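Examination of the molecular architecture
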Amino acid sequence: VNNFYISINYKGKMIKAYFHEHKFPYNINYIEEDKPLGTAGALKKVKGNIKSTFFVTNCDILVYSHYPSIIEFHKKNNHDFTLITSIRNYPIPYGVCDIDKSGELIRMREKPEYNLLVNTGLYVLEPNVLELIPDNRSFEMSELIAELNKKKMKVGVFPLSEKSWIDVGQWKDFLKVL
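An account of the accompanying structure is given in this report. (Residues numbered from 1 in each chain as written. Predicted model: local features only at pLDDT ≥ 70, side-chain atom pairs only at ≥ 80, totals over all residues. Heavy atoms only, no water.)

Digging into the sheet that holds strand β3 (residues 54–57)
Within a beta sheet, neighbouring strands are joined by backbone hydrogen bonds and run either parallel or antiparallel to one another. Note the following rule: Only strands joined by at least two bridges in the DSSP assignment are considered to pair. Here a helix means four or more residues in a row that DSSP labels H or I, a strand means two or more in a row labelled E, and each is numbered from the N terminus. Lines are fitted to the C-alpha atoms to define the axes, a helix being fitted only along its stretch in contact, and any angle between axes, read from their N-to-C directions, falls within 0 to 180 degrees.
The mixed open sheet is built from 4 strands, whose spatial order is β3-β8-β5-β9. A strand with exactly one partner marks an edge of an open sheet, and here the two such strands are β3 and β9 (155–160). Taken pair by pair, the neighbouring strands of this sheet meet at an average axis angle of 40°, ignoring direction. Sheet analysis places strand β5 (residues 81–91) next to β9, joined by 6 bridges and oriented parallel. Looking at the pairing, T85 lines up with P159 of β9.

Structure (structure tokens):
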């Protein structure tokens, strides 16, 4: 990978100044937003510049994986869009009560745990997906995925282990990285 696009709005000048002061062996381009466009909305501005399969990542996540394997999975399955996901375990520290329509207890489950497949904030896209993004308006990745599903385009899921990624946008998780 030798071309990066960074979407900037708030504190964009500071971000550009940081990267300007460093010499990197790759190109950094900026997607400058006059107003926040959401993750997918900002991508519309790279339409025409990106000609091959590409990654999109949120700035507050770290994913430890073999990226060529992700691309290989995406291409082998002819996906237009691939979400990189992970299992997250959520224990409930209480007894959970299941009731019927009349309010009678059906059963109580003591401290259940739920395993959910969650979105890590890393995606693989084909350039044709950019056509579905509206011009100059806020548009989130969830809206883009809904459009892909509506158009019957192929959306894949690449699962990672729970320990393969971290959301540094969560303060307690950020402190683990330090």
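Let's pick the thread back up.
Details of the packing of aromatic side chains
Aromatic ring pairs are defined here through the distance separating the ring centres and the angle between the ring planes. What counts, and what does not: Centre distance within 6.5 Å is the pairing criterion for rings of Phe, Tyr and Trp, where only the six-membered ring of Trp is used; planes under 30 degrees apart are then read as stacked, over 60 as edge-to-face, and the remainder as tilted. Each residue is assigned to one of three classes by its accessible area relative to the maximum for its type, calculated with a 1.4 Å probe on protein chains only: buried under 20%, partly exposed between the two thresholds, exposed over 50%.
One pass over the structure, following the stated rule, counts 7 aromatic pairs. Note on Y18 and F19: the rings are 5.1 Å apart at their centroids and 85° apart in plane angle, and the pair reads as edge-to-face. Owing to a relative accessible area of 46%, Y18 belongs among the partly exposed residues under this scheme. By relative accessible area, F19 is classed as partly exposed at 22%. Centroid distance F24 to Y26: 5.2 Å. Interplanar angle 15°. Geometry classified as stacked.

What to know about unusual backbone geometry
Although it is not a glycine, K111 adopts a positive phi angle of roughly 45°. Within the fold, K111 resides in the loop between β7 (105–110) and β8 (113–125). Residue K111 is classed as partly exposed on the basis of its relative accessible area, which comes to 49%. With phi around 60°, K152 is a residue other than glycine that occupies positive phi space. For K152, the position within the fold is in the loop between α4 (141–150) and β9.

A few points about the pairing of strand β1 (residues 3–8)
Note that β1 and strand β2 (residues 27–32) share 6 bridges and pair parallel. What sits directly across from Y5, in β2, is N29.

Describing the nonpolar core
Condition: For the purposes of this section, nonpolar cores are sets of buried Ala, Val, Leu, Ile, Met, Phe, Trp, Tyr and Cys residues that join through side-chain atoms within 4.5 Å.
In terms of nonpolar packing, the biggest core is built from 22 residues, with L43, F81, L125, M141 and L144 touching the most fellow members. Counting only elements with at least two residues in this core, the list comes to α2 (38–43), β3, β5, β8 and α4. One finds I61, V63, F158 and W165 within the second-largest nonpolar core, a separate group that totals 11 residues.

Remarks on the layout of surface pockets
Threshold: Any residue with an atom within 4 Å of a point lines the site, the site being either a cavity, points on a 1 Å grid over the protein atoms alone where a 1.4 Å probe fits but cannot get out, or a pocket, an open set with protein on both sides within 12 Å along at least 5 of 7 lines. Grid points are joined across faces, edges and corners, and a volume is the space filled by probe spheres set on the points.
Estimated volume of the largest pocket: approximately 1400 Å³. Broken down by element, the residue count for the lining of the largest pocket peaks at 6 residues, all from β1.

Function cannot be read off these values alone, since they describe shape.
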